[in-house]
Amino acid sequence: MRHVLEVDDLTPGELGRVLDLAADPAPPQVLAGQGMALLFEKPSARTRNSMEMAVVQLGGHPMYIQGAEVGFDARESVEDVTRTLACYHGAVGARVFAHATVERMAALDLVPIVNMLSDAAHPLQALADVLTMQQILGDLAGRSVTYVGDANNVFRSLALAGGMLGMEVRFTGPSGYGLGELDADRLASAGVVVAEFDRPEEAVEGADIVYTDVWTSMGQEDESAQRLVDFEGYRVDERLLDAAGTQVHFLHCLPAHRGEEVTSSVVDGPASRVWQQAENRMHAARGLLAWLLGEAVSDAGEGSNA
Ligand code: CP
Ligand code: NVA
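Residues numbered from 1 in each chain as written. Chains lettered and ligands numbered in written order. Predicted model: local features only at pLDDT ≥ 70, side-chain atom pairs only at ≥ 80, totals over all residues. Heavy atoms only, no water.

A. Structural detail: the overall build of the protein chain. The helix and strand tally for the protein chain stands at 13 helices and nine strands. A globule of 306 residues ought to have a C-alpha radius of gyration of about 19 Å, and the protein chain, at 19 Å, matches this closely. A principal-axis box enclosing the C-alpha atoms of the protein chain has dimensions of 55 × 40 × 35 Å. Classification of the 306 residues of the protein chain by burial places 55% in the buried group. (Helix = DSSP H or I, 4+ residues; strand = E, 2+ residues; numbered from the N terminus. Rg over C-alpha atoms; globule rule 2.2 N^0.38 Å. Buried < 20%, exposed > 50% of the residue type's maximum accessible area, 1.4 Å probe, protein only.)

B. Quick peek at the site of ligand 2. Ligand 2 sits among L117, N152, N153, V154, D213, V214, S217, M218 and L254. N153 is positioned with one of its side-chain polar atoms (N or O) 2.8 Å from an oxygen atom of ligand 2. D213 is positioned with one of its side-chain polar atoms (N or O) 2.7 Å from a nitrogen atom of ligand 2. A total of 270 Å² of accessible area belongs to ligand 2 in isolation, and the protein chains cover 94% of it. One can see that ligand 2 is located within the largest pocket. Here the residues of the shell around ligand 2 sort into five nonpolar, three polar and one charged. (Near = heavy atom within 4 Å. Polar contact = N/O pair within 3.5 Å; in protein donor to acceptor, adjacent residues only side chain to side chain. Areas by Shrake-Rupley, 256 points an atom, 1.4 Å probe, with all protein chains shown as cover. 1 Å grid on protein atoms, 1.4 Å probe; cavity = no way out; pocket = protein on both sides within 12 Å on 5 of 7 lines; lining within 4 Å. Sits in = over half its atoms within 2 Å of the grid points. Nonpolar A, V, L, I, M, F, W, Y, C, P; charged D, E, K, R; others polar.)

C. Quick look at the sheet that holds strand β4 (residues 113-115). The four strands lie next to each other as β2-β1-β3-β4, forming an open sheet whose pairing is parallel. Single-partner strands in this sheet number two, and they are β2 (61-66) and β4. Taken pair by pair, the neighbouring strands of this sheet meet at an average axis angle of 20°, ignoring direction. Where strand β3 (residues 89-95) and β4 come together, three bridges link them in parallel fashion. For G93, the partnering residue across the bridge sits in β4 and is V114. Lying over the sheet, helix α5 (residues 99-107) contacts β3 and β4, oriented at roughly 165° with respect to β4. (Pairing = 2+ DSSP bridges. Axes fitted to C-alpha atoms, helices over the stretch in contact; angles between N-to-C directions. Contact = heavy atoms within 4.5 Å.)

D. Just the pattern of salt bridges, in detail. Taken as a whole and assessed by the stated rule, the structure comprises 18 salt bridges. Between R199 and E202 there is a salt bridge, with the nearest N and O atoms lying 3.9 Å from each other. Each of R199, E201, E202 and R239 takes part in salt bridges that share partners, so that together they form one network. (Salt bridge = Lys/Arg side-chain N within 4 Å of Asp/Glu carboxyl O.)

E. Examining the side chain of T263 more closely. With respect to the helices and strands, the residue T263 is situated in the loop between β9 (249-252) and α12 (264-267). In this structure the side chain of T263 is engaged in a polar contact, spanning 2.9 Å, whose partner is the side chain of S265. Apart from residues no more than four positions distant in its own chain, T263 is found in contact with R235, V236, D237 and E238.

F. Layout of the site of ligand 1. Neighbouring ligand 1 are the residues S44, A45, R46, T47, R95, H122, Q125, C253, L254 and R281. One nitrogen or oxygen atom from the main chain of A45 is found 2.6 Å from an oxygen atom belonging to ligand 1. At 3.0 Å from a nitrogen atom of ligand 1 is found a main-chain nitrogen or oxygen belonging to C253. About the coverage of ligand 1: the protein hides 95% of its 260 Å² of free accessible area.

G. Layout of the pairing of β3. Extensive coverage of β3 is indicated by the burial of seven of its seven residues. Inspection of the sheet shows strand β1 (residues 35-40) paired to β3 by six bridges, in the parallel sense. In the strand pairing of β3, L39 is matched with A94. Note that the unit made of β3, α5 and β4 has a crossover that is right-handed. (Right-handed = clockwise from strand over helix to strand, strands pointing away.)

If you want it as structure tokens, here you go:
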């Protein structure tokens, strides 16, 4: 049974297949007559709505569940909640604080688990990001993406997805907010190298895509005041976008905090493709689920018969 907790749970070939399926106008009805549980420990606008619609488009019934409602590790253990959901659903998505929670769910191997954002990874976002970049740039091999800000869940998944498709991945952020050794090892295992820059102007020069995300992620609210100080100088504004060159396009996973990590003039400006990117969350989710509950299952079946 396959689970998708991070982008490198897919091979580069499977990633390409998911992106092809995202564009399929008549997706296989892999969830016909089945449900998919969508469990959220944190708020969401895009992920909940795009996943619910993707499930409907694949013939299934989405079931929205708040973490507090089932009481993850409070009313009942994460394992018992997962065992219960597996009785009714063809797949389970979870947005969690600790990445270990989705790992515990997947370890049971009872139902395919999809990570809908954890403190470590946001693979559904990265799938939409590379889909958007393909629509803008065509083949991504040799193209460049510069991420400005915090090397967080969104950046880790973006670096993996972009790197696996042959992109040059660059990062710039304040000291102490870059990738750790474990991240570098994981990226290296996927054949991905991230070039780190101290100066944002140098990092963005010639980039096809400039990408940023919030300075304070969900669950880090206590650090917000310190982060506002530390990230000053890493705001994506018109001056920084100009330093990239006229070819550049701007992406942001959203929600955006205008005036913090990005100015209104950039996120609402002519280089911004953030609404195309937001729409692609639904197409990418549909492509992933079509693969995970379709080809991934039949490929495993063929393997076991061999
Ligand atoms: N980009 C993203 O995951 O948005 P939500 O938090 O609104 O789902
Ligand atoms: N890094 C952000 C992404 C939100 C979609 C967070 O985890 O809050």
